[in-house]
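# Structure at a glance
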Amino acid sequence: MYDFDIEKPGSIADAVKALGGEEAQALGGGQTLIPTLKQRLASPTMLVSLAGLSEMVGICKDDAGRLCIGGATPHVAVAADGSYPGLSGLASHIGDPAVRNRGTIGGSLANNDPSACYPAAALGSGATIVTNAREIAADDYFQGMFETALNEGEIITEVKFPIPEASNYQKFVQPASRFALVGVFVAKYADGVRVAVTGASEGGVFRWTAAEEALSANFSADAVAGLDAPSGDGMINDLHGSGDYRAHLVKVMTGRAVSAAT
Amino acid sequence: MPKDEGIGASSKRREDLRFLTGKGKYTDDINLQGQAYAYFIRSDVAHGTINSIDTSAAEKMPGVEKVFTAADFEGVGGVPCGWQVTDRFGEVMQEPKHPVLAEGKVRHVGDPIAVVVADSLSEARDAAEAVEIDITELEPVLNMKDALKDGATKVHDDLTSNLCYDWGFVEENRDAVDAAIKGAHHVTTLELKNNRLVANPMEPRVAVAEFDSSTDDYTLYTTSQNPHVIRLLMGAFVLGIPEHKLRVVAPDVGGGFGAKIYHYAEEAFCTFAAKAVGRPVKWTSSRSEAFMSDAHGRDHVTKIELAMDKDGQFLALRTDTHANMGAYLSTFAPSIPTWLHGTLMAGNYKTPLIYVNVKAVFTNTVPVDAYRGAGRPEATFQLERVVDKAAREMGIDPIELRRRNFITEFPYATPVAVEYDTGDYHATMDKLLEMSDHAGFEKRAAESKKNGKLRGFGIAHYIEACGIAPSNLVGQLGARAGLYESATVRVNATGSISVMTGSHSHGQGHETSFAQVVADMIGVDEAQIDIIHGDTGRGPMGMGTYGSRSIAVGGSAMVRATEKIINKAKKIAAHLMEASEGDIELKDGAFTVAGTDKSVAWGDVTLAAYVPHNYPLEDIEPGLEETAFYDPANFTYPSGAYGCEVEVDPETGKVTVLAFSAADDFGNIINPMIVEGQVHGGLAQGIGQALVENCAYDENGQLLSGSYMDYTMPRADDLPMFNVDHSSITPCTHNPLGVKGCGEAGAIGSPPALVSAVVDALQRAGHTDVTHIDMPLTPDRVWAAMKS
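With that settled, consider the overall build of chain A. For chain A, the helix and strand inventory stands at eleven helices and twelve strands. At 18 Å, chain A has a C-alpha radius of gyration in line with the 18 Å of a compact globule built from 262 residues. For chain A, the spread of C-alpha atoms along the principal axes amounts to about 55 × 45 × 30 Å. The proportion of buried residues among the 262 residues of chain A is 53%. By element, 47% of the accessible surface of chain A is carried by carbon and sulfur atoms, the whole surface being about 10,800 Å². For chain A, the separation between the mean place of its 18 positive charges and that of its 29 negative charges on side chains is 7 Å.

What follows is the structure in C-alpha cells.
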C-alpha cells in the first residue's frame, strides 16, 4: 500500500468537494478498493470515505412505492430488509459476512465488476441510480466491464428500486472467488418481465431480451425451456468456464430463477 | 474400553490450547532487535534474458540498506538438489545450477532477480520499484512433450536438452512387459493428467536470520519441516557455514504438506544478507509470492496400459509418464516421479510384470516437488482409474475385479522392487462396503434420479510406502541423505522427561502422541513429558517430517532411546533395592523386585541418577539421558479402501460429494482422534485436487491461478461428513510400535474414488462414451464431458 491521506466528510456536499481534489478516490466499504491498494495496483493520494455519511445510509420507500436504498448502505441491511425479497435474497449471498457488513450498494454499482451481483438487480429491476448531480436509469447506467455513466467525482447517493410482483436471483458461483460465474435476476412487473445477467458477458451486465419477451407472455419455466440459450460469442471464456458454458448457464439459471419466483 | 492415557488413547492435543487461543509462536512472530526487511523482486515473465539491472537509484532511497543481485552471490553455491536419479541408460540426470538470485536469465514467473533490504517493508517495496531491470523475453517452454522435441527452446542453455532424465523401471522387465501386453486377451488403455497443485499451507513461508560477528554464529528461524536438513543443505552446499556455527530453528509451523521440506533461496538469502548488512534480516512471503515461489505438486501426464486374461487376471502393466520438474530441481524433485511413484505401481495387486517409464522435463514454471503423498497419489490415481476402466470394458464389477487380483499372501515382493510386510486388502474392502452401505446404493440412486440428479459410486484401493526410509536402500537409489530419525530422552532429576525428537510437528500433534508413547512405556503421566522439536541447537541431528514417517521412524527412535533409559533405570533400581537387575520390573511408574513387595518409585530412581550418593558409580555413569538413532529396515505399507458417492447436476455439471468413506489399515494406532483428524485433512486435500484445485499457466507462462480469486481451495461446504475407520489392523512387522503412518493416505486414496464416482454417475445416465474426465472435475468440465 502506498501512503495516502483520508478525508471523512460530514455531508454529501463536503464529499463532492473533497473528491474534486487531484487523485482523490471515493472509498465505500472498501471491499474491492482496499485489496487493490494493498497490492499497490492503485495509488490515490486521497481517499474520501463515504461510509460515515449518515444521509447516505438507510432504506425507505418513496411515494411511488419504490424501495430507496442509501448509497452507503451495507449489504447486510439490504439482506435484512425483506420488503423486496428478490433483492434481499441477492444481498444475503454476496461474499461472506465480513463483505456484507462492510460492502455498500453504491460502492458495488460504482465499481460495476462484471461478476458482481448488484448490477443484475439494478438492471433487472429497472432501478434509478441517484447521484449527487442527477438521476440515471439503470438501462443507461451500465456501460461495460467496470464502466458506468458516472462522471469523475460523482457519488451514488441512493438507488431506487420499483418493487416487482415476483422476483428471484440465481447465482452459479465461480468456485474460487465465489463471485457469479453466471447470475440471473428475474423480475416480473405489471408491464413486463426483466431478465438481467451478470458474470457471463465480456460487456458486463446485460438484459436477455429473448427471455424477457417469452416470460412477459408466459411467466413460467416452460417458457424459458423453449428458448435457445444466448450465443456464447462475447461471453467470458476463462479458467472457470467457456463462453458456451456460461451461455448455457444463463438459460439454466433463468429457468431456475423463474421457478423460484413463481 | 478406550484407554485414558498412553498408546491407544484419544488424548486431547495439548498444542491446541496455544494454537486455538492465538498463543502459537510462528516464525513471523519472531522479531529481532534492529532487523531489516527483505523484499524480493521477482520475474514477471516466464523466460527471459536479463540484459541489465540498475540498482543505483534504489540504493539511494530512504531506509535502504542494500540492494542485492546475483553479482553479490559470486562464489556462493547454488540451491542444491538432494537426490540424483540415474536414467535407464545408466547415465545420471541433467542437473542445472539453481542460483540464489537469477543469473543472466529468468526461468519462471516468480524467479527472484534482486532483493532490497531496508529499514521497513514499505521502504523496501518503494525502493524495489526504483530498481531498473531490462529483460528480453524468450519463448517460454511450457508443454512437456513439445519441450522434448528436437530444436525446442531450452530452459537451461548449458544442458543438452529439456530432459532431466528418462527413467525406466524395472528396465530389465521392459521386453517381457511389451510381449505380455501384445499377447494379452484384453488391454485397457487410459491417458490422463495429474493436475498441478499449490500446497497452500495456512502460514506462508518466513525466514529471519541473524549473525553474531563476535562469535561467527548464525541463527536462522524458518518455516521448515526439517531444520537439520536445512542446516546441512544451506550450510554445507550454499553458504559454506559449518554446522557448529549455524543454528536453524523451525518453531510452530502452520502446515507444510511437503512445500516446507525444501531448502529455498529465501532462507539462504536472509542468512547471507544478515552478515552482509550487519543486522538481522527478515522475509515474510505474501500469499501472492507463495503461489509463485513455493514448490508446486503433481503435474504428470500419463498413458497407462493394463493387460488382462479373459478372467480379468492382471498380466502386465505399462506406464509412460511425463513429469514436470519446473525450471529448477527442488530438493527432492527427481525422486518423486521415480522412487516414490514407480515402486508403488503394483498397488494392491499381484500383477506379475510392470514397466514404468518416466521422462522428467524442465519447463518455465515453478519447480515441482513432493506434495502430500508425493508420487504415491500419482501412482494410485492412474492405477485405480485404469482398473475402473478395465472393469467396465471387461464387464466385471470393479470391486470384484479388484478382489480377483488382490495380493493375499505376505510378505509379498512386487515386481517393482519393494516388499510389502503385511496387509489384508479384503478386510479393508469388506469394511468399506459395510461403512458406505454399498448394498443400499441402487435405492439411493433411484431416489436421486427422481430428483433429476445423477448418482454415482466410485471406489479406490490404495497402498503407499511410508516410514521413509532405509538409508542404505535410498543411498543406492540416489538419495544424498540418510533417512533415519533421532531422539534424545532426557529424564530430569525429579522424574519429568524432555524428549528431543528429530521429527518436526507442523500440525500433526506430535507433542501429544509422542508423549503418549513414552508415558505408556514408563508408566508415568503424559503431563510429565514434553516433546521438543524444531531446533538444531537442542536436539540431535534429525531428518524431519514428511512421507508419513514421524511415528514410524521418529517414534521408533524415541522407543529405542526410552528402552535405553529403562534399562539404565533398572540398574539403578536394582542397586537401590539391593536386588538382581534381572528381577527388576517396571510397572505403572514404579520398579519392583519380582516375587517381593519391594518397590521404588520412578522419581526416586531418577533423583538417584542425578544425586548419586547411593549409586553404583563403579558400573554406570550418573545421569539419565539417552539418545538413539533409528534406521528402518523397510518402508511401511499402509493401505485402505475408499468409497465416494456423488450426485451430478445434469443441467450444470456441478458435482456434489454426498458421502465419503475411508477404511484404512495404518497398523497400530497411537491416538485414534489424531489419526482421524489426519485422514480428514488428507481427504479434504484429495477431494480438493479431484474437484476444485488447479494450478494453471497461460500460453505465455503467466500463472492464471495466482491468487484465491482463481485458485480454488476446498471449503467446508464442498465436503461431506467423513466416514472414517481404521479398525482393520495388520501391524507393521519391522518397527517396535507396529505402526505404519497415516498422514498422506487421505490425499492418496481419494482422487481416483471421486473421479470414478462421477464417471459412474455419467455412465449410468447413458453417457457411455465418458470413460474419464481430467481433474479437477469442475462443473464446466463435467458439463463438457456430458455434452461431447
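Across its full length, chain B carries 19 helices and 30 strands. Here the C-alpha radius of gyration of chain B, 27 Å, is about what a compact globule of 788 residues would show, namely 28 Å. Judged by the C-alpha coordinates and their principal axes, chain B covers about 85 × 75 × 50 Å. Burial analysis of chain B (788 residues in total) assigns 63% to the buried set. Nonlocal contacts in chain B, meaning residues at least 24 apart in sequence, comprise 80% of its contacts between residues at least 6 apart. Put simply, chain B shows about 27,900 Å² of open surface, and 50% of that area lies on carbon and sulfur atoms. Mean positive and mean negative side-chain charge positions of chain B (69 and 108 charges, respectively) differ by 3 Å.

Applying the stated criterion to the full structure yields zero disulfides over all chains. Free cysteine: Cys81 of chain B, not disulfide-bonded; nearest cysteine sulfur from Cys164 of chain B at 7.6 Å.

A few words now on the nonpolar core. Residues and elements named next belong to chain B. Membership of the largest hydrophobic core comes to 141 residues, with the highest contact counts inside it found for Val758 and Leu762. Ignoring any residue separated from it by four or fewer positions in sequence, one finds Leu762 in contact with Leu454, Val648, His767, Val770, Ile773, Val782, Ala785 and Met786. In this structure, Ala557, Ile572, Leu586 and Val739 belong to the second largest nonpolar core, which totals 45 residues.

We now examine the packing of aromatic side chains. Residue and element names in this part refer to chain B. Tallied over the entire structure, the rule returns 32 aromatic pairs over all chains. Relative to Tyr349, the ring of Phe314 has its centre 5.4 Å away and its plane inclined at 75°; by these criteria the two rings are edge-to-face. Residue Phe314 is located in strand E16 (residues 314-326), and its partner Tyr349 is located in the loop between E16 and strand E17 (353-362); the two are separated by 35 residues in the primary sequence. Using a relative accessible area of 3% as the deciding quantity, one classes Phe314 as buried. In this structure an aromatic cluster arises from ring pairing among Phe40, Phe68, Phe73, Phe269, Phe272 and Trp283. The ring of Phe68 is capped by Lys66, whose NZ or CZ atom sits 5.2 Å from the centre of that ring. Seen from the ring of Tyr264, Arg205 lies directly overhead, with NZ or CZ sitting 3.5 Å from the centre.

Looking now at the pattern of salt bridges. Residue and element names in this part refer to chain B. Under the definition given, this model contains 64 salt bridges over all chains. Across the salt bridge formed by Arg18 and Asp252, the nearest N and O atoms sit 2.6 Å from each other. With a gap of 234 residues between them, Arg18 in helix H1 (residues 16-20) and Asp252 in the loop between strand E12 (246-249) and helix H7 (265-277) connect regions that are remote in the sequence. When its relative accessible area of 23% is taken as the criterion, Arg18 is described as partly exposed. The partner of Asp760 in a salt bridge is Arg392, and the shortest N-O contact between them spans 3.3 Å. Linking Asp760 in helix H18 (residues 745-764) with Arg392 in helix H9 (residues 376-394), this pair joins segments that are 368 residues apart in sequence. We classify Asp760 as buried; its relative accessible area is 9%. Residue Arg392 is classed as partly exposed on the basis of its relative accessible area of 34%. One network of salt bridges, in which partners are shared, links Arg42, Arg205, Glu266, Glu289 and Asp294.

This next bit is on a negative patch on the surface. A contiguous patch of negative charge on the surface is contributed by Asp3, Asp5, Glu7 and Asp14 of chain A. By secondary structure assignment, the location of Asp5 of chain A is in strand E1 (residues 5-7).

What follows deals with the packing of helix H6 (residues 227-239) of chain B against H7 of chain B. Residue and element names in this part refer to chain B. Two elements in contact, H6 and H7, have axes separated by 11 Å at closest approach and are oriented at 65°. In terms of orientation, H6 and H7 fall into the roughly perpendicular class. As H6 runs across H7, the sense of the crossing is right-handed. Contacts between H6 and H7 pair Ile230, Met234, Val238 and Leu239 from the former with Glu267, Ala268, Thr271 and Phe272 from the latter. Taken together, the residues of the contact of H6 with H7 break down into six nonpolar, one polar and one charged.

Residues and elements named next belong to chain B. Considered domain by domain, chain B is made up of domain 1 (31-138 + 202-255 + 260-293), domain 2 (296-469 + 634-787) and domain 3 (484-630). A separation of 40 Å is found between the C-alpha centroids of domain 1 and domain 3. Taken together, the contact between domain 1 and domain 3 spans 18 residues of the former and 15 residues of the latter. Each partner contributes to the roughly 1,300 Å² buried at the junction of domain 1 and domain 3, and carbon and sulfur atoms together form 55% of this total. It is Gln225, His228 and Arg247 that lose the most area in domain 1 upon contact with domain 3, and together they represent 42% of the buried surface on that side. Inspection of the domain 1/domain 3 interface yields one salt bridge. For Asp535, the salt bridge identified is with Arg247, shortest N-O distance 2.8 Å. At the junction of domain 1 with domain 3, the criterion picks out eleven residue pairs in polar contact (both at pLDDT 80 or more). The element that contributes the greatest number of residues to the side of domain 1 that touches domain 3 is H6, accounting for five residues. A breakdown of the residues in the side of domain 1 that touches domain 3 according to their chemical character gives ten nonpolar, six polar and two charged.

Listed per partner, the contact involves 23 residues of chain B and 22 residues of chain A. Interface area for chain B against chain A, summed over the two sides, is near 1,900 Å², with a carbon-plus-sulfur share of 49%. Summed over the shared surface of chain B and chain A, the number is six salt bridges. Summed over the shared surface of chain B and chain A, the number is 16 residue pairs in polar contact (both at pLDDT 80 or more). Mapped onto the side of chain B that touches chain A, the elements with two or more residues apiece are helix H3 (121-128) and helix H19 (779-787) of chain B. Of the residues assigned to the side of chain B that touches chain A, the class counts are seven nonpolar, five polar and eleven charged.

Moving on: the confidence of the model for chain B. Where the model shows low pLDDT, its predicted coordinates should not be examined in detail. Mean pLDDT for chain B: 97, with 100% of residues reaching 70 or above. As scored by the predictor, the complex reaches a pTM of 0.97 and an ipTM of 0.96.

In this section: the sheet that holds strand E26 (residues 599-601) of chain B. Sheet strands associate in pairs through backbone hydrogen bonding, adopting either a parallel or an antiparallel arrangement. Residue and element names in this part refer to chain B. Strand order in this open sheet of three strands is E24-E25-E26, and the pairing throughout is antiparallel. A single partner strand is all that each edge strand has here, and the edge strands are strand E24 (584-587) and E26. This sheet shows a mean twist of 25° between the axes of neighbouring strands, independent of strand direction. Examined bridge by bridge, E24 and strand E25 (residues 590-593) share four bridges and lie antiparallel to one another. Looking across to E25, one finds that Lys587 is bridged to Ala590. The sheet contacts of helix H15 (residues 550-576) involve E24, E25 and E26, and relative to E24 the element is tilted by about 120°. Of the strands in this sheet, E25 and E26 touch helix H16 (residues 602-610), which is tilted by about 70° from E26.

Cut-offs used in this document
Residues numbered from 1 in each chain as written. Chains lettered and ligands numbered in written order. Predicted model: local features only at pLDDT ≥ 70, side-chain atom pairs only at ≥ 80, totals over all residues. Heavy atoms only, no water. Helix = DSSP H or I, 4+ residues; strand = E, 2+ residues; numbered from the N terminus. Rg over C-alpha atoms; globule rule 2.2 N^0.38 Å. Buried < 20%, exposed > 50% of the residue type's maximum accessible area, 1.4 Å probe, protein only. Areas by Shrake-Rupley, 256 points an atom, 1.4 Å probe, with all protein chains shown as cover. Lys, Arg positive; Asp, Glu negative; His and termini not counted. Charge placed at Lys NZ, Arg CZ, Asp CG, Glu CD. Contact = heavy atoms within 4.5 Å. Disulfide = S-S within 2.5 Å. Core = buried A, V, L, I, M, F, W, Y, C linked by side-chain atoms within 4.5 Å. Phe/Tyr/Trp six-rings, centres within 6.5 Å; stacked < 30°, edge-to-face > 60°. Lys NZ or Arg CZ within 6 Å of the ring centre and 35° of its normal. Salt bridge = Lys/Arg side-chain N within 4 Å of Asp/Glu carboxyl O. Patch = residues over 30% accessible without salt bridge, like charges linked within 9 Å, V, L, I, M, F, W, Y side chains within 5 Å. Axes fitted to C-alpha atoms, helices over the stretch in contact; angles between N-to-C directions. Parallel < 35°, antiparallel > 145°, perpendicular 65-115°, else oblique. Left-handed = near helix turned anticlockwise from the far one by under 90°. Nonpolar A, V, L, I, M, F, W, Y, C, P; charged D, E, K, R; others polar. Domains from an automatic or database assignment. Buried area = accessible area lost by both parts, 1.4 Å probe. Polar contact = N/O pair within 3.5 Å; in protein donor to acceptor, adjacent residues only side chain to side chain. pLDDT = per-residue confidence, 0-100. Pairing = 2+ DSSP bridges.

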